[in-house]
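Coordinate inspection notes
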Amino acid sequence: MDMFEFDTSIVESPYPAEKFVARALRSIDDCKILALSGVEILDYLPQIVDIYNDAYCENDAFVPLLLSDVEPTANKMAKYVPYKSVILVFSGDRPIGLLTTIPDFNRLSMTNPMTLMFAQRAISNIRQYRAILFGVARDFRKKGVEVLLYNTFRENMVEHCDTLAIGWTIETNTPLIKLINRKIGGVETKRYALMRMDV
């Protein structure tokens, strides 16, 4: 089994966003979209945990997230997400979609072990972001929520970001791969082979 990574252009959108966004908004009752910075997401951690556990629960080797596990990491990372690059979609009060991203710190030179200590200062120079979580509640898939997430990210980040890397996409996730290729315009940049071994 293979796993892919895609790069998508934030500056040049190859798809008619308005058409897909309008269709998605019509299919979701009482749709609300939030774009949040790292500090702002601290108020929405329970909703983020809920979406993650719903969206990823059918994956192999899934381990449910607990709020107590997420809070320490979120508090440490909040300062490294200064722009509104975390997107949540709600239907009424229910969270149904999540796109969390961070600056791609791989773009910084790691030859100096002190580099990360100054990562916060260097964020403005990082023009590529990386999707950490990109998930939709199971009963809201194929309704365009993914397009709402991506398009909202693009609108909020076009001044700060050139490309978004979407990785860890398993080849069996055909709906997401089709969406990335056809509606987002992603280009495959990496491919990893996954192997299972009995222990």
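This text gives an overview of the structure that appears in the document. Owing to the predicted nature of the structure, the values given are computational and were not obtained by experimental measurement. (Residues numbered from 1 in each chain as written. Predicted model: local features only at pLDDT ≥ 70, side-chain atom pairs only at ≥ 80, totals over all residues. Heavy atoms only, no water.)

Within soluble globular proteins, side chains that are nonpolar tend to cluster in buried spots. Val145, Leu149, Phe153 and Leu164 are the most contacted members of the largest nonpolar core, which has 37 residues in total. Broken down by secondary-structure element, the contributors of at least two residues to this core are strand S1 (2–9), helix H1 (17–27), strand S3 (86–91), strand S4 (94–103), strand S5 (128–136), helix H6 (145–157), strand S6 (163–170) and helix H7 (174–184). Top contributing element to this core by residue count: H6, with 7 residues. Not counting chain neighbours up to four residues away, the residues in contact with valine 145 comprise Ile28, Val89, Ile96, Gly97, Val136 and Phe140. Core analysis: the second largest hydrophobic core is formed by 17 residues, Val70, Ala74, Val81 and Phe90 among them. (Core = buried A, V, L, I, M, F, W, Y, C linked by side-chain atoms within 4.5 Å. Buried < 20%, exposed > 50% of the residue type's maximum accessible area, 1.4 Å probe, protein only. Helix = DSSP H or I, 4+ residues; strand = E, 2+ residues; numbered from the N terminus. Contact = heavy atoms within 4.5 Å.)

Let us look at the side chain of aspartate 54. Here aspartate 54 shows up in helix H3 (residues 45–56). The buried category is assigned to aspartate 54, whose relative accessible area is 17%. Ignoring any residue separated from it by four or fewer positions in sequence, one finds aspartate 54 in contact with Arg94, Ala137, Arg138 and Arg141.

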